[in-house]
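# Remarks on the overall topology
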Amino acid sequence: MKRLKFLLLIILCSMTVTGQNYERTPYGIKTTLDSIGLEIQFFNPSTVRILKSPAGWDYTKESLAVIEKPEAIQLKISRQGDAVRLESGSIEARLNLKSGNVSFYGPKGEPLLNEKDPGPQFTRLNDAGRETFSVYQPFVLDKEEAIYGLGILQNGKMNQRNQTKHLVQGNVEDVVTFIQSVKGYGLYWDNYSPTTFADNEKETSFSSEVGDCIDYYFMYGGNADGVIAQMRNLTGQVPMFPLWTYGYWQSRERYKSQSELLEVVSKYRELGVPLDGIIQDWQYWGNNYLWNAMEFLNPEFPNPEQMINEVHNHNAHVIISIWSSFGPQTKPYRELNEKGLLFNFKTWPESGLETWPPNLEYPSGVRVYDAYSPVARDIYWKNLTRLHKLGMDGWWMDSTEPDHLRFEPEDMDTETYLGSFRKVRNAYPLMSVGGVYENQRKVSDDKRVFILTRSGFAGQQRYGANVWSGDIGSSWESFRNQIPAGLNFTLTGNPNFNTDIGGFFVGSYNKSWNDGSATRNPLFQELYVRWIQQGAFTPMMRSHGTDIKREIYYFGEKGEPVYDAIEKAINLRYSFLPYIYSTSWEVTDKQSSFMRALVMDFVNDKRVWDIKDQYMFGKSILVAPIVEAQYTPEIIVSVNEEDGWNKNDGTNDAEHAVVDFTESRSTTVYLPEGTVWYDFWTNDRFNGGQQIARETSIDLIPLYVRAGSIIPLGPEVQYATEKKWDNLEIKVYTGADGSFTLYEDEFDNYNYEKGAYTEIPFSWNNSKRRLTIGARQGSYDSMLQHRTFSVILQDGTQKTIPYNGRKIDVTF
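Remember, it's a predicted structure, so these values are computed and weren't measured experimentally.

## Some points on the overall build of the protein
Along the protein, the regular secondary structure elements total 13 helices and 50 strands. Taken against the 2.2 N^0.38 rule, which gives 28 Å for 812 residues, the C-alpha radius of gyration of the protein at 28 Å falls within 12% of a compact globule. Counting only C-alpha atoms, the protein reaches 90 × 80 × 60 Å along its principal axes. Counting every position in the protein, which comprises 812 residues, the buried fraction comes to 62%. Within the protein, counting contacts between residues at least 6 apart in sequence, those at least 24 apart form 69% of the total. Taken as a whole, the protein presents about 30,600 Å² of accessible surface, with 46% of it coming from carbon and sulfur. One finds the centroid of the 82 positive side-chain charges in the protein at a distance of 8 Å from the centroid of its 103 negative side-chain charges.

Set out below in structure tokens:
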């Protein structure tokens, strides 16, 4: 009897397939076909992992990005002819026993994605003395299928089809080996070495320079939000940022003294222009031999603690530049070098002198640290605590890709804690940023971690980081490229993105390269205004760059069109803070996104699949920024007395051209089908599914609100927390049913993780013209017990409603 039971167990757990066995595992199956070992693991009903390697190859793979563990689910496994079907109820993975290819199907049996035959390739590789492989896996997509993702790219593309793209971290491109499809699925290629993504008429493929195995995750969400939710389940959820991070940020390369930084904050308060953050860029530490000392060693910053306190006394916040490299005279360098935790390839800055171009006769000796090492990450934080104890509010982690100059192939053989640099190259930002986040979380829950960083990878959303698109050029083309770059980054599961408003390098708009005159040059003024208007509808509104001082008062004075347009954009941002902060909670709690490609909400309208200059901000507001010059030429030009404009002759004195920024212009906007739209500024009503003409002015960014939207607007303030939200304006856009949840908490600690927050649900019943303000849910110590909501319909009808936390119905 025991022998019979044992035989039955073998039959249940193992099946013979064309001379091969496949073994059932707790999470799926594994087998060997055509000398390739293959394992199919279900992580949850909607996500499945595919592992492939040469048969008999012994390896251990621990993901750096994936933190979810596979769960045992009800999985139906069956054999039909040459196919083994693994069905979870949400998706099906089907293994072809002849070809070894895996295909994926949706909950109704609809085909989603197929591996291509011939299938994977493993090419032997000696990686810095270790035997391994280069790996390649092709897939077949539908001919018209649109895909998105791959990170922050400067290719200006929304749909990422029809290209070959080498994916390696850089200054202005942050790569994520993830794509998602309009068919409602996503694919994460879990490899950290330089990788090539290729899509052409024959196939779509990933190929990576180093891999002990092919390792990818297929996930089905049904739509873009669902795919993002699965990716975050796999790689980590998004923590809340403080409210003040959603205010306006002023920065430049660089504030050269303590007094200069404080003067900027004081000037904004004097002018009455809102400001919540200022950023101290590099060289507060002194010379390049002291690079990233994580100390104020520059004598121009005599009392940094006093400086920080004065910023705080102005009700503003300050974050500071820190790097992934250290100069040879710094404390961190000495400690890391002693333990062999510094790399030897060339990085920035190359020279110890500050002259340009770099004088290589005086090498800086600056070296990148091994962020893959937990010991190195702890040393990094130990030294950073000197700034943390001063009261610094957050971190500007620059060069987290990191900078790799004068590339030599042997640089990739550099040994790291996790193997060759080649093997783990693209995960550097994940490890460096993660080290700061995790160490700060160990110290205190009183202040939320806020990191601004130049590079990102899959999973980095879990580390309190907002990624900016690097040191981009200042041009209309560059501006246009940032919008699809941010949207595609969002579609990888990373919701926090921003840019250097105006572009980093602005020198070509100056009369001479560094004279700072661009702020009075109409060509740059127009570009800057349009960029800051768009920046108001990103997760972080931040002006930064080199070659000019770009504080508002360098662009003119109050009453002048350019100054007023900049101020209007900043004030507009602050009016939306209750909407933005509530959206940030939806990002954290409901796995939503701030910047939403139109395909996320209107996938059935094929005309939006490749729109790259419009997007939704939250789920209610369509943003259609002006991305082409309307008042000036887009090229850099100089003035000619006869015709006004001429091609650049090298002198660029365009500031003397007469430009009337008070004149009106026009643009076109596409309104997606499936809903009614309202012009935010005029409340004019439009049916979706059409392109419309919109009259514009220098101070106006076209905005449209979808019917059924409920938008809370905040008071006029100088900083985010200046006034309580005790009398919010609630805009209701009729024409469809809708809902919105107003979220509030203590704004800057982690008590929300313990339930210290409130939600107030609003719902609009269009047929009954009734607004229901639901009972307040939750509590925290300083919450408002009583308040007033000023409800305004888009037709102008309004009512003032006292609210004490109990449900109330209001009919219009």
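Moving on from the coordinates now.
## Some thoughts on the environment of E354
Along the chain, the position of E354 falls in the loop between α5 (331-338) and β24 (367-368). Separated by 100 residues in the primary sequence, E354 and R254 have C-alpha atoms spaced 14 Å apart.

## Description of the side chain of T177
Inspection of the secondary structure puts T177 in strand β15 (residues 174-181). When its relative accessible area of 0% is taken as the criterion, T177 is described as buried. Among the polar contacts made by the side chain of T177, one reaches the main-chain carbonyl oxygen of W189 at a distance of 2.6 Å. In this structure T177 touches L167, L187, Y188, W189, N191, T195, F206 and F457, once residues within four positions along its chain are discounted.

## Considering the environment of K731
Note that K731 resides in strand β43 (residues 727-732). K731 sits in the buried class, given a relative accessible area of 10%. Setting aside chain neighbours within four positions, we find K731 in contact with N683, S709, I710, I711, L713 and I792. Within the local environment of K731, its side chain forms a polar contact with the side chain of Y733, the two groups lying 3.2 Å apart.

## With respect to the packing of α5 against helix α6 (residues 374-388)
Between α5 and α6, the shortest axis-to-axis distance is 10 Å and the interhelical angle comes to 160°. The orientation of α5 relative to α6 falls into the category roughly antiparallel. Between α5 and α6 the crossing geometry is right-handed. Residues K331, P332, E335 and L336 of α5 lie in contact with α6, whose contacting residues are A376, I379, K382, N383 and R386. Looking at the contact of α5 with α6 residue by residue, the class counts come to four nonpolar, one polar and four charged.

## Quick look at the confidence of the model for the protein
Overall, the predicted model of the protein reaches an average pLDDT of 95, with 95% of residues at or above 70. Considering only residues more than four positions removed or in separate chains, one finds that residues 1-19, a stretch of pLDDT under 50, has 14 contacts. This stretch, residues 638-651, has a pLDDT under 50; its non-local contacts, to residues over four places away or in other chains, come to 29 contacts.

## Side note on unusual backbone geometry
Along the chain, D117 connects to P118 via a cis peptide bond; the corresponding omega equals 0°. Following W356, the chain continues into P357 via a peptide bond in cis, with omega recorded as 0°. One non-glycine residue with positive phi stands out, namely R406, at about 50°. Counting through the fold element by element, R406 comes out in the loop between β25 (394-397) and β26 (415-416). Of note in the backbone geometry, D547 takes a positive phi value of approximately 80° without being a glycine. For D547, a relative accessible area of 12% puts it in the buried group.

## Side note on the packing of aromatic side chains
Using the criterion set out here, one finds 68 aromatic pairs in the structure. Centre to centre, the rings of Y188 and Y217 are 6.2 Å apart; their planes meet at 20°, and the pair counts as stacked. Taken together, the residues Y188 in strand β16 (residues 185-189) and Y217 in strand β19 (residues 214-220) connect sequence positions 29 residues apart. Like Y188, the residue Y217 is buried in the burial classification. Taking 5.8 Å as the distance between ring centres and 15° as the angle between the ring planes, the aromatic pair formed by Y579 and F740 counts as stacked. Placement of Y579 in helix α12 (residues 577-590) and of F740 in strand β44 (residues 738-744) is noted, with a sequence separation of 161 residues between them. In this pair, the class of Y579 matches that of F740, namely buried. An aromatic cluster of three or more residues is present, and its members are Y246, Y581, W585, F594, W725, Y743, F747, Y750, Y752 and Y757. In this arrangement the basic side chain of R94 is found over the ring face of Y105, its NZ or CZ atom lying 4.0 Å from the centre.

Procedures and definitions
- Residues numbered from 1 in each chain as written.
- Predicted model: local features only at pLDDT ≥ 70, side-chain atom pairs only at ≥ 80, totals over all residues.
- Heavy atoms only, no water.
- Helix = DSSP H or I, 4+ residues; strand = E, 2+ residues; numbered from the N terminus.
- Rg over C-alpha atoms; globule rule 2.2 N^0.38 Å.
- Buried < 20%, exposed > 50% of the residue type's maximum accessible area, 1.4 Å probe, protein only.
- Contact = heavy atoms within 4.5 Å.
- Areas by Shrake-Rupley, 256 points an atom, 1.4 Å probe, with all protein chains shown as cover.
- Lys, Arg positive; Asp, Glu negative; His and termini not counted.
- Charge placed at Lys NZ, Arg CZ, Asp CG, Glu CD.
- Polar contact = N/O pair within 3.5 Å; in protein donor to acceptor, adjacent residues only side chain to side chain.
- Axes fitted to C-alpha atoms, helices over the stretch in contact; angles between N-to-C directions.
- Parallel < 35°, antiparallel > 145°, perpendicular 65-115°, else oblique.
- Left-handed = near helix turned anticlockwise from the far one by under 90°.
- Nonpolar A, V, L, I, M, F, W, Y, C, P; charged D, E, K, R; others polar.
- pLDDT = per-residue confidence, 0-100.
- Phe/Tyr/Trp six-rings, centres within 6.5 Å; stacked < 30°, edge-to-face > 60°.
- Lys NZ or Arg CZ within 6 Å of the ring centre and 35° of its normal.

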